[in-house]
Every structure is written in structure tokens, then in C-alpha cells.
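# Chain and residue survey
Each chain, written out:
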Amino acid sequence: MATEQRQGYGFSPVSRSLNWMENLSEESYAYVLLAPAFAVLTAIALWPLWRTFRVSLFEDNLFGTAKTGGFVGLENYVNVLTNQNPLLSRPLIDFTGGTPFFRQALLVTLAFAILSVVFETLIGFGQAYIMSKEYRGRRWVRVSIILPWAIAIVIQGMLFFLLFNPSVGFLSDPLQWIGLFGSNPLTSSSNAFVIVTVADIWKTSAFMALLILAGMQSVDKSLYDVAEVAGASPLQRFRHITLPLIFPALMVAMLFRTIDAMRIYGIIEASGAGCGTVPSLSCLVVDTMFGTTQAYASAATIAFLTATIIALVIVGYLVALKLSPRGSYQ
Amino acid sequence: MSQATQQERPDDEPRGAFTNWVDSAIKNPEKVYRAMFFVVVIFFLLTTLFPLYWLTMIALSDSNRVSEGVGLLPTGFDPGSFVEIFQQIPLHLYLFNSFVFATLTTIFVLIIASLAGYAFGRLQFRGKRTLLLTVLVISFFPPASFFIPLFQLFSQQISFLGLTPPELYSTPGGVVIPLSAIFMPLAIFILTTFYGQIPDGLEDAARIEGTTRLGALFRVIVPLSAPGVATAGILTFIAVYNEFFFSFLMTGAQAQDWAPIVDGIISYQSQFQIRYDLMAAASIVAVVPVAILVVVAQEKIVSGLTSGALKE
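Calculation rules
- Residues numbered from 1 in each chain as written.
- Chains lettered and ligands numbered in written order.
- Predicted model: local features only at pLDDT ≥ 70, side-chain atom pairs only at ≥ 80, totals over all residues.
- Helix = DSSP H or I, 4+ residues; strand = E, 2+ residues; numbered from the N terminus.
- Rg over C-alpha atoms; globule rule 2.2 N^0.38 Å.
- Buried ≥ 20, exposed ≤ 12 C-beta atoms within 10 Å, placed from the backbone.
- Contact = placed C-beta atoms within 7 Å.
- Domains from an automatic or database assignment.
- Nonpolar A, V, L, I, M, F, W, Y, C, P; charged D, E, K, R; others polar.
- Axes fitted to C-alpha atoms, helices over the stretch in contact; angles between N-to-C directions.
- Parallel < 35°, antiparallel > 145°, perpendicular 65-115°, else oblique.
- Left-handed = near helix turned anticlockwise from the far one by under 90°.
- pLDDT = per-residue confidence, 0-100.
- Expected span 1.5 Å × (residues − 1).
- Bend = angle between axes of the 7 residues up to and from the residue.

### Some thoughts on the overall build of chain B
- The number of helices and strands found in chain B is 15 helices and zero strands.
- Scaling as 2.2 N^0.38, a compact globule of 312 residues should have a C-alpha radius of gyration of about 20 Å, whereas chain B reaches 27 Å, well beyond that.
- Counting every position in chain B, which comprises 312 residues, the buried fraction comes to 44%.

Structure (C-alpha cells):
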């Protein structure tokens with residue numbers, strides 16, 4: 001309709017495609033607009049994911065330029081899961097019990113995810129509570145609480161490297177004195193695991209707090225007034241009003257954090273602990289690919305297993321949410 | 001309350017201030033809650049801010065005495081480390097590279113996510129829920145599961161139909177392209193929310209005046225959703241600036257090879273001579289830009305993270 005009136009566009013490809021777009025149905029126009037985003041996501045996420053899976057079905061070729069050899073089907077998966085792959089710097093999991101807990105990538109990653117998410121949720125509640133109240137200087141309290149979240153992983157790593165450094169840091173000596181830490185905590189797997197977990201809690205609690213805060217602010221204020229008149233203490237108000245009403249939002253926030261925690265890599269490298277000391281799943285992928293062996297197929301196997309494990313965690317969360325009596329709120 | 005217990009109980013004498021305080025606290029429990037509340041506020045402020053304060057004290061310490069340990073005050077005083085960090089390595093170049101990555105990714109993500117956000121937020125079409133869910137699911141996958149093929153692609157180990165793509169390893173493309181895909185889902189969710197809130201009438205009016213469909217998006221919807229676009233942009237910028245995985249693995253270690261701030265700071269850990277004061281100073285310099293952004297755009301960050309994340 002308006003096409004003929006428009007002048008000054010000429011017959012350049014731009015104007016032709018603009019004209020073409022004018023005449024599309026709403027549905028086709030939507031698909032055209034979505035095309036660039038899905039092209040990027042396909043090229044950078046779906047294709048690599050598919051190719052990672054394909055590479056994992058071939059054998060490692062350590063010395064050639066091709067990186068992969070003949071087709072072996074699921075053999076890589078069997079070898080990795082039964083700890084039969086000599087190319088891995090640390091086992092993914094060792095069912096025989098011959099490997100210490102903190103040297104098994106899957107256990108380290110799961111333990112890290114569970115511990116950090118639990119503590120971040122608890123601290124997040126506290127932080128969300130103080131961010132929700134009205135008082136002078138609240139803006140600056142908010143800024144201070146968000147600040148750790150906005151700090152680059154490499155700087156967070158450097159900070160905790162220094163805090164627990166035996167000579168410059170002040171946290172190492174007292175913890176060593178009470179017998180919790182050894183003399184050089186960043187080289188001990190269990191101590192470094194604690195440091196990495198604390199570092200993550202320090203940085204990411206704020207994210208949890210913001211999501212909980214959003215949930216809190218959506219709760220109808222009059223409910224609290226009623227409860228107060230009825231004589232409920234703040235704790236009771238929290239237990240019987242806040243918690244059930246923000247439960248769905250809380251589950252979503254915990255799911256997000258769990259997924260994110262299971263990707264842990266940067267803080268391990270940047271804190272000086274290193275992937276040999278705290279072997280997470282992502283660490284194992286990078287180590288297998290760039291270590292002394294350059295085993296691409298084995299690395300791809302672990303990468304795809306990592307994605308699968310995360311998918312299982314997501315499904316587990318969704319099932320738990322469906323089954324829980326409070327799930328009906330959503 | 002615990003502070004009061006320690007300070008105000010001298011001996012068995014009938015007490016003045018403390019007893020009064022207890023009496024009033026019993027009569028007025030709100031007062032106790034208030035006092036406890038501010039204790040909690042101070043506790044959280046200390047845990048989040050003290051490590052950064054302490055980092056500054058290390059940076060200000062004398063380089064020869066810093067390994068004696070640093071407490072509340074610098075050990076010796078030498079602010080020269082803030083100059084030296086730029087002399088030892090080209091820290092400004094690393095910072096510049098990080099800014100380039102973050103800016104390019106933000107522009108790229110905002111344009112593409114605007115188109116997608118408009119479609120999701122304002123148009124009706126079949127498969128909308130499925131496609132939105134696909135975006136969400138993609139954002140769940142770990143970078144490690146994309147990394148191997150992308151690394152091979154960017155370092156010219158893969159060819160398509162006999163064509164080898166240009167080498168993107170150690171160029172802005174090697175970082176910007178993967179990070180665009182990884183941070184696009186959040187931007188799409190934020191923009192979908194904001195674009196969906198603009199009344200239809202405003203867009204219809206522009207269309208009647210003869211604006212093209214795309215023109216209506218970029219001249220009407222985007223300006224009207226400026227806060228949303230700013231939110232998505234700020235979050236993407238911070239996320240890219242702070243990112244570790246691709247920034248570290250897709251670039252070499254030298255600033256001349258487009259290494260971002262990640263490599264600049266890490267290089268202080270691997271240096272022959274251990275200089276704690278320089279590590280701290282470099283970290284602080286690298287934090288400052290984001291810290292300013294957080295102070296200025298606190299509201300937007302809060303609203304963006306919550307609206308984007310709670311969409312599904």
C-alpha cells in the first residue's frame with residue numbers, strides 16, 4: 001500500500017528487501033526477524049554441540065594433524081566413565097574408590113555446585129532482606145552488595161589468591177593455626193576447593209539476592225500488614241508468607257545458579273589453584289585438549305558428558321518442582 | 001545487643017544505661033529488630049567491601065615489605081605500583097582490547113537481540129513458545145561444550161567444501177563471536193519484556209505516517225524502550241568484560257595479539273619476580289571501570305537481571 005509512495009530508496013538491494021519485508025505476513029515477518037539470532041545461535045552453539053558429539057565418537061589421534069582417528073562409537077564414553085582413559089589428567093569419576101574425592105572431576109563439580117548454591121541462597125536471602133527495606137543510604141548498600149558480582153573472574157581469582165597467600169594474606173595463618181588448612185592451602189586439593197567455593201559465594205551471592213529481591217517485591221504488602229496485626233513475628237511472617245510465595249522464583253534462581261556453578265573454570269585458574277588441584281568438568285575438557293596429550297576426542301567426550309550432566313540436573317529440578325506440593329503456585 | 005553486653009556491664013551495681021536499654025527493648029521489640037537489622041547490614045558491607053579495601057592496601061604497600069603481610073593499613077607506603085603496572089606490561093593495551101571486545105559484542109548483541117526481542121515481544125506467530133524455550137535451553141549449555149569445534153574452526157583446523165575460514169584465533173572475532181552467542185539469550189529476554197510493554201497505538205501511528213516496518217522498530221520501539229536497551233547493553237558489556245573462559249582460551253598472552261585484561265592480570269602471577277603490590281594494583285585499575293558502571297547504573301542492573309532471569 002505504502003510501497004509506491006516511498007521515494008528516494010531507488011532500486012538498491014536495501015530498498016528491495018525493505019519493500020519485500022513490507023509485504024510479508026506478520027508470521028513470516030517474525031521469522032525473518034528471528035533469523036539472524038537463530039543463525040548465530042546455530043553456528044556458535046548448536047553446530048559446535050553437534051560436532052562435539054561427533055568428534056567424541058572417534059578415537060584420539062595424538063600425533064597427526066587430523067586430531068581424530070577411526071570411528072569407535074561410544075567406546076570413549078565407556079572408557080571415561082570406567083576410568084580406563086589414560087589420557088585424562090584426572091578421572092571424571094572413579095567407582096573403585098581408588099581416587100581421592102577431590103581428584104574426581106564430577107564429584108568436585110557437583111560438590112562445588114551444591115555447596116555454593118546452598119550458601120548463596122542463604123546469604124542471598126539476608127542480602128535481599130536488607131536491600132528490600134527503606135532507610136537512608138540504601139542506594140549505597142545496594143551498590144556495595146552488587147559490586148562483587150560485577151568484578152571480573154580474573155580479579156576475583158587474584159583477590160583470593162592474595163587473601164590465602166601464606167606470606168601476604170591474612171586468612172591463611174589463622175586457618176592453619178586452628179588446623180583447618182595446611183601450610184600452602186592453594187596447592188592442597190581440599191583446601192583449594194574450599195577457597196574456590198568461598199570465592200564463588202563471595203562473588204555470586206548478590207545475583208541470588210537480586211532474584212530473591214524481585215520475588216519479595218512481587219508479594220502483596222497487605223499480607224504483611226494483616227500478619228502483623230495478627231501478631232506474627234518477623235520470622236513467622238517470613239516462614240508463612242514470604243517463603244511460600246517466592247518459592248517458584250527461588251527455584252528458578254537456584255536452577256540458574258546450579259547450571260552456572262557447574263561450568264566453573266575461571267576462578268580455578270585465576271586463583272592460582274589450577275586445574276590439577278581442583279579438577280572441575282570444564283577444567284578436565286581444557287586440560288585434555290591443551291595438556292601434554294592434545295586428545296581432542298577424549299576432550300569432546302568429557303565436554304558432551306558435561307552438557308548431558310547439566311541437562312540431567314535441569315530435568316531433575318523441573319521434576320522436583322512438579323512433584324513438590326508448592327509447585328502448584330507456578 | 002552483644003556489643004551492649006560487653007560495653008555496658010561494669011559490675012554488680014544497679015545499671016543505668018544498659019538496664020534502660022533492656023527495659024525499652026522489652027517494651028518495644030521493634031527497636032531490637034532495628035538494631036539487629038543494622039548489625040546485619042554492617043556485616044554484609046564488611047564482607048563485600050573489606051576484601052577490596054584490603055586489595056587497595058596491598059597496592060599501596062612498599063614492594064620490598066609487602067610480603068611481611070598487609071593488614072588494615074599498608075605495610076610501608078608506595079603508591080608507585082600504580083605507575084609501575086603500566087611499565088612492566090602494556091596494561092593499557094590489555095584494557096583497550098577488553099573494551100573493544102565488550103563494545104563490539106554489545107553492539108552486535110543489541111542489534112540482533114532487538115530484532116528477535118521485537119518478534120518475541122510484539123508479533124504473533126506459530127512456534128513462539130518453542131523458539132523462546134530453545135533460546136533458553138541454549139543459554140544453559142556450558143561454554144566447554146561449544147569450545148572444541150570453535151577452537152578448531154578459529155585456528156583453521158576445519159574446512160568447509162575445501163574452503164578454510166580465516167584465522168580468528170587471537171583476533172577480536174575469536175572472542176566476540178562466541179560471546180555474542182552466549183550472552184544473546186539474556187539480552188533477548190530483557191528486550192522481549194521491554195518491547196512487549198510499548199502500546200500498539202504508538203507503533204501504528206508511525207506506520208500510518210509511512211515508516212517502514214524496520215523503521216518503526218528502530219525509530220519508535222527502540223527509543224521508547226531506551227531503559228531496556230541500556231539495561232541489556234550494560235549487562236552484556238559487564239559480562240563480556242568479566243568473562244574468563246573464551247577470553248583466556250581464544251587469545252594468546254601478548255597484548256599485541258589482542259589478549260584482553262584476563263591475560264594482563266594473569267601474567268603478574270606467572271612472572272619470575274613475585275610482586276604482590278603490582279598484582280593488587282593491576283586488579284584495582286581493572287575493577288574501576290566496572291565499579292563506576294555499577295555505581296551509575298545500579299537501578300538498571302537490578303531491574304535487568306531480575307526481569308531477564310524471571311521471564312521463564
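Read on for the rest.
### Here we look at the overall build of chain A
- Helices and strands together make up the secondary structure of chain A, namely 13 helices and two strands.
- Radius of gyration (C-alpha) of chain A: 26 Å, far over the 20 Å computed for a compact globule of 330 residues.
- Considering only intrachain contacts with a sequence separation of at least 6, the fraction spanning at least 24 residues in chain A is 64%.

### Some remarks on the domain arrangement of chain B
Residue and element names in this part refer to chain B.
- Parsing chain B into structural domains produces domain 1 (2–79) and domain 2 (84–309).
- The C-alpha centroid of domain 2 is placed 39 Å from the C-alpha centroid of domain 1.
- On the domain 2 side, the residues contacting the eight residues of domain 1 number seven residues.
- Here the residues of the side of domain 1 that touches domain 2 are counted per class, giving four nonpolar, four polar and no charged.

### Quick look at the packing of helix α12 (residues 281–290) of chain A against helix α13 (residues 296–323) of chain A
Residues and elements named next belong to chain A.
- Taken N-terminus to C-terminus, the directions of α12 and α13 make an angle of 165°; their axes are 8 Å apart at the nearest point. Here α12 is positioned roughly antiparallel relative to α13, judged by the angle of their axes. When you trace α12 past α13, the crossing you get is left-handed. Contacts between α12 and α13 involve Leu281, Ser282, Leu284, Val285, Thr288 and Met289 from the former and Tyr296, Ser298, Ala299, Ile302, Ala303 and Thr306 from the latter.
- Within the contact of α12 with α13, the residues separate by chemical class into eight nonpolar, four polar and no charged.

### A short note on the environment of Val108(A)
All names here are of chain A.
- Its location among the elements puts valine 108 in helix α4 (residues 105–132).
- Residue classification places valine 108 among the buried positions, given that 25 C-beta atoms sit within 10 Å.
- A C-alpha to C-alpha distance of 9.6 Å links valine 108 and serine 190, two positions 82 residues apart in sequence.
- Setting aside residues no more than four positions away along its own chain, valine 108 makes contact with Phe102, Phe193, Val278, Pro279 and Ser280.

### Observations concerning the interface of chain A and chain B
- Contact with chain A, which involves 81 residues of that partner, is made by 78 residues of chain B.
- It is helix α2 (residues 26–55) of chain A that contributes the most residues to the side of chain A that touches chain B, 18 residues altogether.
- Tallied by class, residues from the side of chain A that touches chain B come to 61 nonpolar, 10 polar and 10 charged.

### With respect to the confidence of the model for chain A
Residue and element names in this part refer to chain A.
- Looking at chain A as a whole, the pLDDT averages 86, with 95% of positions reaching at least 70.
- Ranking the elements of chain A by mean pLDDT puts helix α1 (residues 13–22) last, at 80, and helix α6 (residues 153–163) first, at 94.
- Between residues 1–8, whose pLDDT stays under 50, and residues either more than four places distant or in other chains, the model counts five contacts.

### A look at the packing of helix α5 (residues 91–122) of chain B against helix α11 (residues 226–242) of chain B
Residue and element names in this part refer to chain B.
- Here α5 crosses α11 at 140°, and the two axes come no closer than 8 Å. As summarised for this structure, α5 and α11 are arranged oblique, according to the angle between their axes. The element α5 and its partner α11 pack so that their crossing is right-handed. Contacts between α5 and α11 involve Ser98, Phe101, Ala102, Thr105, Thr106, Val109, Leu110 and Ala113 on the former and, on the latter, Val229, Ala232, Gly233, Thr236, Phe237, Val240 and Tyr241.
- Its residues assigned to classes, the contact of α5 with α11 shows 10 nonpolar, five polar and no charged.

### Concerning unusual backbone geometry
- Residue Asn83(A) is not a glycine yet carries a positive backbone phi of 60°.
- Relative to the elements of secondary structure, Asn83(A) occurs in the loop between α3 (75–81) and α4.
- Residue classification places Asn83(A) among the partly exposed residues on the basis of 18 C-beta atoms within 10 Å.
- If you check the backbone angles, Trp258(B) has positive phi at about 65° while not being a glycine.
- Mapped onto the elements, Trp258(B) comes out in the loop between α12 (245–249) and α13 (261–269).

### Topic: helix α8 (residues 189–217) of chain A
Residue and element names in this part refer to chain A.
- Its 29 residues place the ends of α8 41 Å apart at the C-alpha level, agreeing with the 42 Å of an ideal helix rising 1.5 Å per residue.
- In the structure, α8 departs most strongly from a straight axis at threonine 204, where the bend amounts to approximately 40°.
- Burial of α8 is extensive: 23 of the 29 residues sit out of reach of the surface.

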